[in-house]
Amino acid sequence: MAHGFSKENQISIDTAYCFGDFELHPKDRLLTRRGSQMLLQPKAFDALLCLVRRAEHLVSKEELITTLWPSVHVSESNLTNIIVALRKIVGRDAIRTVSKHGYRFEAPVSGQPGVARPTFERFARAQELTVQRSVEAMYLAQNLLWTCLAEDPTFAPAWAWLGRCSWFLDKFGPRSSANRELSQTAFLRALALDPDLACAHQFYTVVQVDSGRAEEAVSRLLERLELHPGEPESLTGLVQALRFRGLLELSLESHKRAAALDPAVVTSVAHTLFLAGEYAATIQAYGGRAAYYLDAAAWAALGDSRRAVALLRERLGKIPMSKLMTALMNSLLALLEGRREDAVRFMQETGAAPDPEILVYFARHYSQIGQVELAVTALKTAAQGGFVCAPATLKSDPWFRALRKHSQFKSLLRAAKASVDEGRLRFETYNVG
């Protein structure tokens with residue numbers, strides 16, 4: 001494996017996964033603590049390696065049992081005994097039990113084999129910056145990841161996170177085809193280096209659905225779930241991909257399955273609930289995340305414009321956000337305050353082909369202020385961009401009341417229904433197959 005280091009620096013490349021005082025050396029099948037060797041039975045070592053490699057991700061009991069006893073039928077108690085033994089060595093809090101499903105390694109991993117420690121530290125810092133979800137933080141993270149890859153172009157997770165940052169900057173930063181192309185290239189590079197890289201599969205879903213390829217995302221995630229049936233991250237991706245196909249019931253079911261596997265999992269279910277007309281549930285589901293638009297829109301749909309206005313005014317100007325998100329929130333605020341021309345202007349100033357899901361929100365705004373032709377155009381453009389507005393949303397959303405009186409409404413509804421029926425048939429056929 002080639003690395004971007006001179007010969008004299010190669011001694012700094014880690015040969016182990018590092019966490020706390022421990023180093024786990026896969027090649028030598030060795031666990032050390034502060035340099036001293038820790039005795040591990042072979043099965044215990046294999047279990048620990050499997051958990052550490054998938055750190056912060058759920059590893060199902062079935063996957064662990066298959067890894068440890070590939071051709072032997074054993075009871076679940078055998079696995080339980082191994083986990084108990086591991087906790088006595090690495091600490092009880094390092095391995096979390098996900099009730100009825102499996103285990104997650106939760107001790108922070110500060111190094112991995114084949115990656116120099118300074119490179120991994122920069123990578124970890126970039127991950128921390130992405131949590132802020134601001135344009136400025138993403139630029140900083142992107143620069144750190146470029147440095148990581150200059151040092152080690154075979155570092156697959158760095159490619160995946162670079163893809164995520166570049167997608168975010170393409171979507172929420174200054175419009176640039178360079179970031180969109182880079183995002184696609186980075187994910188393909190990450191998956192070429194490590195086809196089983198969980199974070200690459202998780203992040204790539206967003207790029208696919210935003211690029212009008214939700215069907216591809218659904219197929220890829222279902223294939224992944226065949227290999228990793230207990231992986232909530234793949235189900236998280238399905239929540240979004242199925243919503244883009246207009247399959248709201250299946251999107252909600254994917255969220256329930258993900259939450260059953262991991263109660264702490266974060267999905268985009270709030271957006272699915274909103275389109276399903278479950279506005280109170282939307283507010284509850286959206287509350288734990290960075291709050292921008294959706295809960296305010298839900299309060300407005302419930303008829304509490306005063307609360308919606310208060311939320312929007314509190315956030316606008318105080319929370320760093322993209323031009324697109326600012327336009328979305330400002331247009332809703334102007335609409336609720338009776339400034340219809342301003343509402344239209346904010347939406348029109350976003351430029352060509354913004355996010356297809358946001359176009360559906362724009363369509364609601366247009367319909368609510370009587371600009372039905374613009375609403376029709378927004379929905380058609382969203383569909384061309386890969387987002388199918390579910391027939392149930394078109395028929396029942398109170399803000400689409402004016403749209404339902406338009407001469408093109410029936411054709412919009414027929415097209416949406418045909419697309420949803422096709423998507424459901426493909427999903428069911430693939431699932432059965």
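Keep in mind that what you see is a predicted model, and the values were worked out from it rather than measured. (Residues numbered from 1 in each chain as written. Predicted model: local features only at pLDDT ≥ 70, side-chain atom pairs only at ≥ 80, totals over all residues. Heavy atoms only, no water.)

Engineer: How should I be thinking about the packing of aromatic side chains in this particular structure?
Structural biologist: Two measures describe an aromatic ring pair: the distance that separates the ring centres and the angle between the ring planes. Applying the stated rule across the entire model yields 14 aromatic pairs. With 6.4 Å between their ring centres and 90° between their planes, Phe123 and Trp161 make a pair best called edge-to-face. Placement of Phe123 in helix α4 (residues 117-130) and of Trp161 in helix α6 (residues 156-172) is noted, with a sequence separation of 38 residues between them. For Phe123, a relative accessible area of 5% puts it in the buried group. Under the relative-accessibility criterion, Trp161 is labelled buried at 12%. An aromatic cluster is built from Phe120, Phe123, Phe155, Trp161 and Phe203, whose rings are joined through pairwise contacts. One residue, Arg307, lies across the ring of Trp299, its end atom 4.1 Å from the ring centre. Positioned over the ring face of Phe346 is Arg345, at 4.7 Å from the centre of the ring. (Phe/Tyr/Trp six-rings, centres within 6.5 Å; stacked < 30°, edge-to-face > 60°. Helix = DSSP H or I, 4+ residues; strand = E, 2+ residues; numbered from the N terminus. Buried < 20%, exposed > 50% of the residue type's maximum accessible area, 1.4 Å probe, protein only. Lys NZ or Arg CZ within 6 Å of the ring centre and 35° of its normal.)

Engineer: Can you help me understand the sheet that holds strand β6 (residues 95-98) in this one?
Structural biologist: Think of a sheet as strands paired side by side through backbone hydrogen bonds, with each pair either parallel or antiparallel. As summarised here, the arrangement of the 3 strands in space is β5-β7-β6, forming an open sheet in which the pairing is antiparallel. Strands at the two margins of the open sheet, each flanked by one partner only, are β5 (58-60) and β6. Neighbour-to-neighbour, the strand axes of this sheet turn through a mean angle of 30°, independent of strand direction. Relative to strand β7 (residues 102-105), β6 runs antiparallel, the two being bridged by 4 bridges. Within β7, the residue paired with Ile95 across the bridge is Phe105. Against the sheet, helix α2 (residues 61-68) makes contact with β5 and β7, and its axis sits at roughly 65° relative to β5, the strand it touches most. (Pairing = 2+ DSSP bridges. Axes fitted to C-alpha atoms, helices over the stretch in contact; angles between N-to-C directions. Contact = heavy atoms within 4.5 Å.)

Engineer: For this particular structure, what's the right way to read the pairing of strand β2 (residues 22-25)?
Structural biologist: Along any regular strand, the residues point their side chains to alternate faces of the sheet. The pairing of strand β1 (residues 17-19) with β2 spans 3 bridges and is antiparallel. Its bridge partner lying in β2, Cys18 is registered against Glu23. The turn linking β1 back onto β2 is made up of 2 residues, and Gly20 within it adopts a positive phi angle of 55°. As defined by bridge partners, β2 adjoins strand β3 (residues 30-33) across 4 bridges and the pair is classed as antiparallel. Note on β3: the bridge partner recorded for His25 is Leu30. The loop that links β2 with its antiparallel partner β3 comprises 4 residues; one of these, Arg29, has a positive phi angle of about 50°.

Engineer: Looking at this structure, I do not really get the nonpolar core. What am I missing?
Structural biologist: A general tendency of soluble globular proteins is for nonpolar side chains to be buried together. Counting residues in hydrophobic clusters, the biggest one holds 115 residues, and the most contacted among them are Tyr293, Leu336, Leu379, Leu394 and Leu403. It is α6 that contributes the most residues to this core, 11 residues altogether. Phe45, Val52, Ile83 and Phe105 belong to the second largest nonpolar core, which has 31 residues in total. (Core = buried A, V, L, I, M, F, W, Y, C linked by side-chain atoms within 4.5 Å.)

Engineer: Whenever I open this one, the side chain of Arg87 confuses me. Can you help?
Structural biologist: Position of Arg87 relative to the elements: it lies in helix α3 (residues 76-90). Lacking a salt bridge, the buried Arg87 has Asp93 as its closest oppositely charged neighbour, with an N-O distance of 7.8 Å. Among the polar contacts listed, one links the side chain of Arg87 to the backbone oxygen of Ile95, at a separation of 2.8 Å. In contact with Arg87, not counting residues within four places along its chain, are Arg92, Ile95, Arg96, Thr97 and Tyr103. (Lys, Arg positive; Asp, Glu negative; His and termini not counted. Salt bridge = Lys/Arg side-chain N within 4 Å of Asp/Glu carboxyl O. Polar contact = N/O pair within 3.5 Å; in protein donor to acceptor, adjacent residues only side chain to side chain.)

Engineer: Looking at this model, I keep getting lost on the pattern of salt bridges. Mind explaining?
Structural biologist: Enumeration according to the criterion identifies 29 salt bridges in this entry. Taking the shortest distance from any N to any O, the salt bridge between Glu231 and Arg54 comes out at 3.3 Å. With Glu231 in the loop between α9 (214-227) and α10 (232-244) and Arg54 in the loop between α1 (42-53) and β5, this pair connects stretches of sequence that are 177 residues apart. Across the pair, Arg54 and Glu231 agree in class, each one buried. One salt bridge connects Glu337 with Arg339, and the closest N-O pair in it is separated by 2.8 Å. In this structure Glu337 comes out as partly exposed when scored by relative accessible area, which is 31%. Residues joined by salt bridges that share partners form a network here, namely Arg313, Glu337, Arg339, Asp342, Arg345 and Glu349.

Engineer: Help me understand the side chain of Arg220 in this model?
Structural biologist: If you trace the backbone, Arg220 turns up in helix α9. Nearest to the buried, unbridged Arg220 among oppositely charged side chains is Glu216, at 7.3 Å. Once you skip the residues sitting within four places of it in the chain, Arg220 turns out to touch His201, Tyr204, Thr205 and Gln208.

Engineer: Got a minute to help me understand the sheet that holds β2 in this structure?
Structural biologist: If you walk across this open sheet you meet the 5 strands as β4-β3-β2-β1-β8, and the pairing is antiparallel. Across the chains shown, the open sheet's two edge strands, defined by having one partner strand only, are β4 (36-38) and β8 (109-111). Neighbour-to-neighbour, the strand axes of the sheet open up by a mean angle of 35°, direction not taken into account. Of the strand pairs in this sheet, β3 and β4 are connected by 3 bridges, and their pairing is antiparallel. Across the sheet, residue Leu31 finds its bridge partner in β4, namely Met38. Strands in contact with α1 are β1, β2, β3 and β8; relative to β2, the strand with the most contacts, it is inclined by about 105°.

Engineer: When you look at the state of the cysteines in this model, what are you seeing that I'm missing?
Structural biologist: A covalent bond bridging the sulfur atoms of two cysteines is what the word disulfide describes. Under the definition given, this model contains 0 disulfides. Here Cys50 is not cross-linked by a disulfide; its sulfur's nearest cysteine counterpart is in Cys199, at 16 Å. (Disulfide = S-S within 2.5 Å.)

Engineer: Help me out: how do you make sense of the environment of Arg306 in this one?
Structural biologist: Mapped onto the elements of the fold, Arg306 is located in helix α15 (residues 305-315). Residues Arg306 and Ala296, 10 residues apart in the sequence, show an inter-C-alpha distance of 9.8 Å.

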